[in-house]
Amino acid sequence: MTLLTTARRSGGKAGGPAHRPAHRHRHRPTDHGAWFLVLPALIPILLLSVGPLLYGIVLAFTDAQSGRTRATQWVGTLNFRDLLHDTLFWESFRIGLVWAVGVTVPQFLLALGLALLLDQRLRLRWLARALAIVPWAMPEVVVGIMWRLVYHPDAGILNETLRDLGLGGGRDWLSGLATALPAVVLVGVWAGMPQTTVALLAGLQNTPRELHEAAALDGAGAWRRFRTVTWPALRPVALAITALNFIWNINAFALVYVLTGGGPGGRTRLPMLFAYEEAFRYGQFGYAAAMGCVLVAVISVLLAVHLASRLKGDE
């Protein structure tokens, strides 16, 4: 009886190896837990970013206007064809590029100098670092109102200082055709410099001190140490923050709107201001949506070129 039981368990042969049932294919269960972790961040992005973007793209192919009683009609690419011949839009686009470059380049150079200074072992360095990020903590509307007071032709601190120095005064900086854009660019540099400084300072602190000490022992001066040690380590951070600053600046709206409203004579009318006026002043929602699509396409191309150059550099 014992041998028969053993033979049955071993596949019919007494003393043989035990028979193992065929392995069944098991489907790997899907991990649904990850989706529940992503959903709190994904839902606001879909509702507040992707949804309005898709709606704006659809709106760009219609003749949507404010205050209309009849239904919105599909017009195809008519808005984009009109946009190609709109000299005011392309002029605003040129002003936007001048603004973006004029703010981004000085912003980076000044922030780099400030980051290098704040990276030194100075007394009250913590206080200097705290004061350096004050403009970043202020809303753009507050910054615009503050600088309107600075530029005020009669009671502004800038004109008062010029009068005390005997250099004249009383100039309306934000209303002059020649001074409005440079004055606004200066405010943009001041308001955006702290975030660039923080990013560059973080990159500097990640640079090993031993490399600087070794270069100093080899007789390298300050400029050579910066060129051979600091800049190679800082370059990825610098490229990333410069690209982000350019995108943010070309999309600027609130700061310039509070300062000048796009004037005088359209000298500070950035593309986003132009699209805003078309939509909410003249009620041309479809045409304004087409402007937004063009801006998104241009920024996407610039971002793709930047990422391609970054990947090529990494290789």
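Residues numbered from 1 in each chain as written. Predicted model: local features only at pLDDT ≥ 70, side-chain atom pairs only at ≥ 80, totals over all residues. Heavy atoms only, no water.

> Outline the overall build of the chain, supporting the account with residue identities and numerical values.
Check the secondary structure of the chain and you find 14 helices and zero strands. When the elements of the chain are put in sequence order from the N terminus, they spell out α-α-α-α-α-α-α-α-α-α-α-α-α-α. For the chain, with 315 residues in total, the buried portion stands at 34%. If you take every contact in the chain between residues at least 6 apart in sequence, the share linking residues at least 24 apart comes to 62%. Counting only carbon and sulfur atoms, one obtains 65% of the accessible surface of the chain, whose full area is about 20,300 Å². (Helix = DSSP H or I, 4+ residues; strand = E, 2+ residues; numbered from the N terminus. Buried < 20%, exposed > 50% of the residue type's maximum accessible area, 1.4 Å probe, protein only. Contact = heavy atoms within 4.5 Å. Areas by Shrake-Rupley, 256 points an atom, 1.4 Å probe, with all protein chains shown as cover.)

> Would you mind going over the packing of aromatic side chains in detail, with residue names and values included?
According to the stated counting rule, one finds 16 aromatic pairs in the structure shown. Between F89 and F274 the ring centres are 6.3 Å apart and the planes differ by 55°, which places this aromatic pair in the tilted class. Separated by 185 residues along the polypeptide, F89 in helix α4 (residues 87-118) and F274 in helix α13 (residues 271-280) bring together distant segments of the chain. Taking relative accessible area as the criterion, F274 reaches 4% and is therefore assigned buried. Here a set of aromatic residues connected by ring pairs shows up, and it is made of F253, Y257, Y276, F280 and F285. A cation sits over an aromatic face here: R171 above W173, 5.2 Å from the ring centre. (Phe/Tyr/Trp six-rings, centres within 6.5 Å; stacked < 30°, edge-to-face > 60°. Lys NZ or Arg CZ within 6 Å of the ring centre and 35° of its normal.)

> Give a detailed account of the nonpolar core, specifying residues and quantitative values.
Within soluble globular proteins, side chains that are nonpolar generally end up buried alongside one another. If you look at the biggest cluster of nonpolar residues, it comprises 27 residues, and the most contacted ones within it are W99, W147, Y151, V187, L255, L259 and L270. Counting residues per element, the ones that place at least two in this core are α4, α7 (140-150), α9 (180-205), α11 (222-250) and α12 (254-259). Within the second largest apolar cluster, 15 residues are counted, among which are L112, M193, F226 and I241. (Core = buried A, V, L, I, M, F, W, Y, C linked by side-chain atoms within 4.5 Å.)

> Run through α13, naming residues and quoting values.
Of all the 10 residues making up α13, seven are buried; the element is thus mostly covered by neighbouring parts of the structure. Of all the residues in α13, the buried ones are P271, L273, F274, A275, E277, E278 and A279.

> If you had to explain the packing of α7 against α9 to someone new, which residues and values would you point to?
When two helices pack together, their arrangement is given by the angle between their axes and by how far apart the axes lie. Contact geometry of α7 with α9 gives a least axis separation of 11 Å together with a crossing angle of 135°. Relative to α9, the element α7 lies oblique. Crossing handedness for the pair α7 and α9: right-handed. Contacts between α7 and α9 involve V143, M146 and W147 from the former and L186, V187, W190 and A191 from the latter. Partitioned by chemical class, the residues of the contact of α7 with α9 number seven nonpolar, no polar and no charged. (Axes fitted to C-alpha atoms, helices over the stretch in contact; angles between N-to-C directions. Parallel < 35°, antiparallel > 145°, perpendicular 65-115°, else oblique. Left-handed = near helix turned anticlockwise from the far one by under 90°. Nonpolar A, V, L, I, M, F, W, Y, C, P; charged D, E, K, R; others polar.)

> I'd like a description of the pattern of salt bridges, backed by residues and values.
Within this structure, the stated rule accounts for three salt bridges. Where E160 meets R163, a salt bridge forms, and the shortest distance between an N and an O atom there is 3.2 Å. Note that E160 and R163 are positioned in helix α8 (residues 157-164) at a spacing of three residues, about one turn of the helix. Its relative accessible area of 34% is what places E160 among the partly exposed residues. Judged by its relative accessible area of 34%, R163 is partly exposed. (Salt bridge = Lys/Arg side-chain N within 4 Å of Asp/Glu carboxyl O.)

> Got a sec to walk through unusual backbone geometry? Specific residues and values, please.
With an omega of -5°, the peptide bond between G263 and P264 qualifies as cis. You can see P264 is positioned in the loop between α12 and α13.

> Describe the environment of L131, listing the residues and the values that go with them.
Along the chain, the position of L131 falls in helix α5 (residues 125-132). When the C-alpha positions of L131 and P194 are compared, they lie 9.4 Å apart, and in sequence the two are 63 residues distant.

> So, a nonpolar patch on the surface: which residues are in play, and what are the values?
A contiguous nonpolar surface patch, about 540 Å² in accessible area, is contributed by I45, L46, V50, L53, L54, I57 and V296. Broken down by element, the residue count for the nonpolar patch peaks at six residues, all from helix α2 (residues 33-59). Mapping I45 onto the fold places it in helix α2. (Patch = residues over 30% accessible without salt bridge, like charges linked within 9 Å, V, L, I, M, F, W, Y side chains within 5 Å.)

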